[in-house]
Amino acid sequence: MTFLARWQQLLGIRPEEGRSVGLFFLHNFLLGIGTILVYVAANVILLENHPETSLPLAYAASALAMLGAGQVYAHYEHHLGLQKVAVRVLLAVVVLMAVIGVLVAFGRSVAAAVAIMAGYRVIYLLTNLEFWGVSAVVFDVRQGRRLFSVISSGDMPAKALGAVLAVLVHHHAELLWLLLLAFGAYAGALLVVQATGRSHQVEVRSAARAARPKAVATPLQRWLGSSRLVGTMCLSMLLLAAVTTGIEYVFFIHVKEQFHDQAQVMRYVGTVLALTYLVAMLLKLAVTGRALDRLGPRPVLLALPLVLLAGLALFGVRNELGQAGLLLYLCGLFLVQEVLRRAFFDPVFLVLFQPLPAPERLQAHTLAKGVYEPLGLGLGALLLLALPAGLGWQISWMLLLIAGAALLLYRTYGHYLAELSHAVGRRFGEADLPEPDPLTAANTPAALNRPTANEAEVAALVAALANKKSRSAATSQLLALGTTALPALCALLQSGVAEEAVMRRVAYICGQLPGAASHRALVQLARQPALACREAALRALRYHPSNPADAPVFRELLGQELRLAQQLLHGQAGVGAGPLHHALGYELKRVEQRLFGLLQQLYPPQPIRDAQRHVAQATRERQANALEILDNLIDRPTYQALQTLLEVGSPVAKAARFDRLLPGAPTTFARLPEAVVERGETMFTDWTVSLALRQLPPAHTRFVLLQPHLASASLLVRESALLALMNWAVNRPAAYQAALTKSPALADLLMNHAATAAHVSAADRVAVLQRTALFAATPPNVLSAIVPIMQEVPLAAGQQIFAQGDLGNSLFIVHEGEVGIFTGARQLATFGPGDFFGELALLDAEPRSATARALAPTLAFRLDQEIFTM
């Protein structure tokens, strides 16, 4: 592994994200250099011109300028598009730099210092809106959690460099050199944003969503956004901005009072700033992402207001500190505030807006940074000017405001979860299937007027479920009988002796008839070792209200499924590319589905269903929102395991992560084919078992392994078991002869298999289906279920398959030969091997629109609608 790859792995950057993160990091680094140099220039001049009054005036002027700039930015962002706005913002910043340079060169008054500070704040706002606007569109919510702290750390070394330069600045002439350097940095940022636009689609897109159940009133949406998340976040930003303004002010003023020499002031301030930005950078890179991953957004979001609340409360012990101790206290307060704000609050604040639709996301960011943060700056300036100048008064109003900010941020997290639920909810106001109330269902008019039947009649209907032709009618009659049929159905479920198709149908009926008895039977079915039965039970339990008393059972099953996923991943990692590798991938998909079914029994089911639906979406944003709501809903170990299964990655890496999450467990199948064959169709689909049988090495073959598969109900498994038996007989004749002595029927099995080998085998039939465009995208594990209903149809040249006007009820697939489609004497089409025709008959039995006739000796397969749809 290269140094770069190791470094990316340490920071949580995936290989395909490396270029994007590099561009954004460089972009932010250049913006940071430019911004901090302007900040240094503004503060040098302000601290020379009566900072007690000039600083609050500068804050107030900055607030007004930022409000104006924010409104202009919002207008052009809406009308020009994000990419064009990003370029024009940086061009505007370059022009502003020229104006500030003139003010620095010729301005010596307080007014000039205030104007320079206002210019700095406008530049900071515009570059912030531009950078995070582009980031919010390029990255989704999950990437934001991992990467926002990384890309936003780019400006930290730049600002530390600027703070060091501040220590070296002693007069105005040197400030012009700093501004010239800032000018070059902004020009470089302009080139980077253009490169970003070429390599990424910087475009505001969003899928349609249903209306919010609790939206902000329409007249207030312009100022509070359309989501309550935006409103509470913006108000908390206002209060936090006022408090951070106050802390910055009291720190600068007391530094000025302590050190009268301007060089000493700049040296002290520059050292503190350099230390602040370096600590913030280290925390952003090493801690923020991990803290978000382990603790979630709420604790990280509340860290800033709660720590500041505790720090401001410590002001009560100031009398014991002395003057030097007081300065040290204010320095620590300023440093902690800056570090927490930049390392934790800012990245999480941006992540919280990611579930919003893209246009609302940009509007929310512009509102927070372009309206409410400037208002907070203005509020802080107003309080500094209007209230008495004593430090006690200043600490008091800051305590009140930070307490209000903490309360708002606590509520913000609840709105964030509601927004996530809305993001993954059904579109256009659709509702999910309601969970039946057993009391209500038992007292409806339909239930009170249900037909009755005796035990023998119910038993006959249950027995009819085994017949494909009578299964549908028997299901309808059993549902009509309702609770009368439940004792027989529950007894069948608990026995576990019926074939898989019957168990699935009985589980479905019990799911539609919720009650204590059917619920117990379904829970018992879920505990059976046959995973197909577990899947049927979990699907049926969706219609039952969950029972907290069953939680230990489902927790145990959850652990079993995670262990199985761990073993399958190790199996995939060891087997290499090939059919068995893909078959194990399908088995992992089944594990995912069962995990979601179990989670619906342990947590609120509707959000789990919504998340399950959207993790399979092609839209990256909807997938990310689904994962995010799961992260905030289920326990961390389960989420981390499920996330590992759902995200793209190599089986080796996934297996290693499962080993960390599930230590001390048997981690791998010893000799994969043998393990799959041993567990058989109880745990795997018949396709996976058949592949394992075909790859079973003779040295590891034992008759006890093959014996159950030779009698399997699946033709595919039986054929593969016979092939494995033949291979074993050829390569291990002594062992085979010993088995033959105990089971003489083995010779007959091999002879019968050789006699029927001329027919198309079950494995070849799966290959036929895979080569057909209709089924090309369907996994072979699913196609193997169609094999038993594929009927071979040999056709002579010229033989008619069906005539125009015949009632269509079958699909045909050409395996060998050629078929023509005719209207009268006119030939419309020709179909060869791999082609299919008559597919509309699977959907609806309508008269054929043309005649089909074999043009040469042909072998085709027929799929009948009546059987295919059962």
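Q: Outline the sheet that holds strand E5 (residues 826–831), listing residues and values.
A: In spatial order, the strands read E2-E7-E4-E5; together these 4 strands make up an open sheet with antiparallel pairing. If you trace the sheet from one side to the other, it starts and ends with strand E2 (800–802) and E5, each paired once. Between one strand axis and the next, the sheet turns through 30° on average, direction left out of account. Across 4 bridges, strand E4 (residues 819–823) lies against strand E7 (residues 851–854) in antiparallel orientation.

Q: I'd like to hear about the packing of aromatic side chains, residue by residue, with values.
A: All told, the structure shown has 10 aromatic pairs when counted by the stated rule. With 6.0 Å between their ring centres and 40° between their planes, phenylalanine 802 and phenylalanine 812 make a pair best called tilted. Of this pair, phenylalanine 802 sits in strand E2 while phenylalanine 812 sits in strand E3 (residues 810–816), and the two are 10 residues apart along the sequence. In this pair, the class of phenylalanine 802 matches that of phenylalanine 812, namely buried. Centre to centre, the rings of phenylalanine 812 and phenylalanine 837 are 5.5 Å apart; their planes meet at 10°, and the pair counts as stacked. Here the residue phenylalanine 812 occupies a position in strand E3, and phenylalanine 837 occupies one in strand E6 (residues 836–837), the gap between them amounting to 25 residues.

Q: For the environment of glutamine 8, give the residues involved together with the corresponding values.
A: By the element assignment, glutamine 8 lies in helix H1 (residues 3–11). Its relative accessible area of 15% is what places glutamine 8 among the buried residues. In this structure, glutamine 8 is in contact with Ile13, Pro15 and Gly18, ignoring residues within four places of it in sequence.

Q: Provide a residue-level description of the environment of arginine 361, including the pertinent values.
A: Residue placement: arginine 361 occurs in helix H14 (residues 358–386). A relative accessible area of 5% means that arginine 361 is categorised as buried. Spatially, the C-alpha atom of arginine 361 lies 8.9 Å from that of valine 230, the residues being 131 residues apart in sequence.

Q: So what's going on with the sheet that holds strand E1 (residues 791–795)? Which residues, and what values?
A: In space, the 4 strands of this open sheet follow the order E1-E8-E3-E6, with antiparallel pairing throughout. Edge strands, defined here as strands with exactly one partner in the open sheet, are E1 and E6. Strand direction decides the pairing type here: E3 and E6, joined by 2 bridges, are antiparallel. Across the sheet, isoleucine 813 pairs through a bridge with phenylalanine 836, a residue of E6. Contacts from helix H36 (residues 762–770) reach E1, E3 and strand E8 (858–864) within the one sheet, and its direction differs from that of E3 by about 105°.

Q: Report on helix H12 (residues 297–313), specifying residues and quantitative values.
A: Three or four residues apart is the spacing at which side chains of an α-helix point the same way, because the helix has 3.6 residues per turn. For H12, built from 17 residues, the straight-helix expectation of 24 Å at 1.5 Å per residue is met to within 8% by its first-to-last C-alpha distance of 25 Å. Remark: the principal bend of H12, roughly 40°, maps to alanine 303, with a proline, proline 305, within the next four residues. Here H12 has its buried residues at Pro297, Val300, Leu301, Leu302, Leu304, Pro305, Leu308, Gly311 and Leu312.

Q: Tell me what's going on with the packing of helix H23 (residues 531–541) against helix H25 (residues 579–602), and back it up with residues and numbers.
A: Their axes nearest at 9 Å, the elements H23 and H25 cross at an angle of 40°. Considered as vectors, H23 and H25 are oriented oblique to each other. With respect to the hand of their crossing, H23 and H25 are arranged in left-handed fashion. Listed contacts from H25 to Leu531, Ala532, Arg534, Glu535, Leu538 and Leu541 of H23 are Arg590, Arg594, Gly597, Leu598 and Gln601.

Q: So, the pairing of E3: which residues are in play, and what are the values?
A: Judged by how many residues are buried, E3 sits mostly within the fold: 6 of 7 residues are covered. Pairing analysis gives 6 bridges linking E3 to E8, with the strands arranged antiparallel. Its bridge partner being in E8, glutamate 816 is matched across the sheet by leucine 859.

Q: How would you sum up the state of the cysteines? Please name residues and give values.
A: Applying the stated rule across the entire model yields 0 disulfides. Cysteine cysteine 490 shares no disulfide, and the gap to the nearest cysteine sulfur, in cysteine 510, comes to 4.6 Å.

Q: Could you give an account of helix H29 (residues 651–661), naming the residues involved and the relevant values?
A: Burial in H29 covers these residues: Pro651, Lys654, Ala655 and Phe658. The buried residues of H29 occupy one face: seen down the axis, they fall within an arc of 100°. Of the exposed residues in H29, the ones pointing more than 90 degrees away from its buried face are Val652 and Arg660. Tucked inside the fold, the buried residues of H29 contact helix H24 (551–575), H25 and helix H28 (636–646).

Thresholds applied
Residues numbered from 1 in each chain as written. Predicted model: local features only at pLDDT ≥ 70, side-chain atom pairs only at ≥ 80, totals over all residues. Heavy atoms only, no water. Pairing = 2+ DSSP bridges. Helix = DSSP H or I, 4+ residues; strand = E, 2+ residues; numbered from the N terminus. Axes fitted to C-alpha atoms, helices over the stretch in contact; angles between N-to-C directions. Phe/Tyr/Trp six-rings, centres within 6.5 Å; stacked < 30°, edge-to-face > 60°. Buried < 20%, exposed > 50% of the residue type's maximum accessible area, 1.4 Å probe, protein only. Contact = heavy atoms within 4.5 Å. Expected span 1.5 Å × (residues − 1). Bend = angle between axes of the 7 residues up to and from the residue. Parallel < 35°, antiparallel > 145°, perpendicular 65-115°, else oblique. Left-handed = near helix turned anticlockwise from the far one by under 90°. Disulfide = S-S within 2.5 Å. Arc of directions from axis to C-beta.

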